[in-house]
Amino acid sequence: MAKLKLVANPTFRAKVGIPVAGGPEVPIEFVFKHRTKTVLDEWIKSRSDKGDIDSFMEMVEGWDLEDPFNRENVETLLENYIGTALSTYRVYVDQLIQSKLKN
């Protein structure tokens, strides 16, 4: 049985299905930044003033793609696979809420 730590790890991994036009979703594993409930609530409220790239960089700190994780490559990903930002955001928030519901 897994033991619960009162303070969560600073990062967690989760797969996101990246929508590909004309084909099936492609799963990519991302390394996400953990947020507490209060910080998550504040971050969600602050997103309305930010673009997709800034929000993505604030959620994610790594991925399992061959290309290095950096702002330029994030922009390339989001420009080429239009549904990526929304899909990633949904998985991110779902994972944080799910982990809070389980604890």
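Located above this text is the structure these notes cover.
Predicted, not measured: the structure shown is a model, and the values here were computed from it.

(A) Representation of the pairing of strand β2 (residues 26–33) within the structure. One ladder, built from eight bridges, connects strand β1 (residues 11–18) with β2; its direction is antiparallel. Each residue of the ladder has a partner; that of Phe12, found in β2, is Phe32. Pairing of β2 with strand β3 (residues 60–63) involves three bridges; the strand directions are antiparallel. From the neighbouring strand, Val31 faces β3, where its bridge partner is Gly62.

(B) Local environment of the pattern of salt bridges. As enumerated under the stated definition, the model contains four salt bridges in all. For Asp41, the salt bridge identified is with Lys37, shortest N-O distance 3.2 Å. Placement of the pair is Asp41 and Lys37 together in helix α1 (residues 37–46), with a separation of four residues, close to one helical turn. With relative accessibility at 33%, the residue Asp41 sits in the partly exposed group. Judged by its relative accessible area of 55%, Lys37 is exposed. With its nearest N and O atoms 2.7 Å apart, the salt bridge here joins Asp54 to Arg71. In this pair, Asp54 is assigned in helix α2 (residues 52–59) and Arg71 in helix α3 (residues 71–80), connecting sequence segments 17 residues apart.

Cut-offs used in this document
- Here the residue numbering is sequential within each chain, running from 1 through the sequence in written order.
- Where local features are concerned, this predicted model is filtered to residues with pLDDT of at least 70; where side-chain atom pairs are given and counted, the filter is 80 or more; whole-chain, interface and lining totals use all residues.
- The basis for every side-chain value is the complete set of non-hydrogen atoms in the structure, without hydrogens or water.
- At least two DSSP bridges between two strands are needed for those strands to be called paired.
- Each helix is a run of H or I in the DSSP string that is no shorter than four residues. Each strand is a run of E no shorter than two, and both are numbered from the N terminus.
- Salt bridges are defined by distance alone: a side-chain nitrogen of Lys or Arg within 4 Å of a carboxyl oxygen of Asp or Glu.
- Categorising residues by exposure relies on relative accessible area from a 1.4 Å probe, with only protein chains included: less than 20% of the type maximum marks a residue as buried, more than 50% marks it as exposed, and the intermediate range marks it as partly exposed.

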